[in-house]
Amino acid sequence: MNKKVLVVDDEPSIATLIKYNLEQAGYEVITAADGEEALKKTLEEFPDLLVLDWMLPRMDGMEVCKELRQRKIPTPILMLTAKDEEFDKVLGLELGADDYMTKPFSPRELLARVKAILRRLTHMPKLEEDSGQEQGLTVADIEIYPEKYEAYFRGSLLELTPKEFELLLYLMENKGRVLTRDQLLSAVWKYDFAGDTRIVDVHISHLREKIEHNTRKPEYIKTIRGLGYKLEEPKAT
């Protein structure tokens, strides 16, 4: 079955361009022209991905993103913005978007981003009801179960976006190794081209807020200046 993508943009020419290119690549595409319609179609049609414009009538893209995440809807979101301010991009990621692109963009790059995001869903393990107890990964107070798509900190379920989960999983699988931002971008976001490593920094910041006692002095996810990040066991005090 083809993956379904909901394209949300109030500019008909842009929505048509995106729809055409996605359909040519084999995706099923539905569209919405404002935020309220986007929210309604997401809840009714269960798309595999939202391509969501920032500036929309009735309810803007940020409000849609925030509302979906508050309802625990994990559908991946690729945010589109015509603005150049770094604050806009970071805010979108902070509200739960998985990635962003700045207009104008090439259809080829858009397809690469969509493919990268949906690749994770295609390879997500499926649970069998009688598969028994899953063996998870543990680092001190963090436990993660890939098949259940669940992570716990000190016994409490962590509220993670899909990309936060993938990032935490990759860090735990590579415990003790220094990972560059480009390595994380390639492994977690599956980019086949040079991306914006600020995406990595924002998601690392989100994870720290959820597992670190003091985000300014992290015990788990350490910044290795000039290189990248490393997840390790907290030192005993």
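A. Summary view of helix α6 (residues 162-173). Between its first and last C-alpha, α6 extends 17 Å over twelve residues, near the 16 Å set by a 1.5 Å rise per residue. For α6, the buried fraction is high: ten of the twelve residues fall into the buried class.

B. Local environment of the packing of aromatic side chains. Following the criterion strictly, the structure yields three aromatic pairs and no others. Ring centres 6.1 Å apart and planes at 80 degrees place the aromatic pair Y145 and Y152 in the edge-to-face group. With 4.1 Å between their ring centres and 25 degrees between their planes, Y149 and F165 make a pair best called stacked. Note that Y149 is positioned in the loop between β7 (142-145) and β8 (150-153) and F165 in helix α6, a separation of 16 residues in sequence. What makes F165 buried here is its relative accessible area of 3%. In this structure, K148 is placed above the aromatic ring of Y145, and the distance from its NZ or CZ to the ring centre is 5.3 Å.

C. Layout of the nonpolar core. Counting 48 residues, the largest nonpolar core has L167, L168, L171 and I221 as the members making the most contacts within it. Beyond its immediate sequence surroundings of up to four residues, L168 is in contact with I142, I144, A151, L158, L160, L207 and L231. Core analysis: the next-biggest nonpolar cluster, separate from the first, contains 17 residues, I14, I18, Y27 and V29 among them.

D. Geometry of the sheet that holds β7. Spatially, β6-β7-β8-β9 is the arrangement adopted by the four strands of the open sheet, whose pairing is antiparallel. In this open sheet, the two edge strands, each paired with only one partner strand, are β6 (137-139) and β9 (156-157). Pairing between β6 and β7: three bridges, direction antiparallel. Within β7, the residue paired with V139 across the bridge is I142. Against the sheet, α6 touches β6, β7 and β8, its axis set at about 110 degrees to β7.

About the thresholds
Residues numbered from 1 in each chain as written. Predicted model: local features only at pLDDT ≥ 70, side-chain atom pairs only at ≥ 80, totals over all residues. Heavy atoms only, no water. Helix = DSSP H or I, 4+ residues; strand = E, 2+ residues; numbered from the N terminus. Expected span 1.5 Å × (residues − 1). Buried < 20%, exposed > 50% of the residue type's maximum accessible area, 1.4 Å probe, protein only. Phe/Tyr/Trp six-rings, centres within 6.5 Å; stacked < 30°, edge-to-face > 60°. Lys NZ or Arg CZ within 6 Å of the ring centre and 35° of its normal. Core = buried A, V, L, I, M, F, W, Y, C linked by side-chain atoms within 4.5 Å. Contact = heavy atoms within 4.5 Å. Pairing = 2+ DSSP bridges. Axes fitted to C-alpha atoms, helices over the stretch in contact; angles between N-to-C directions.

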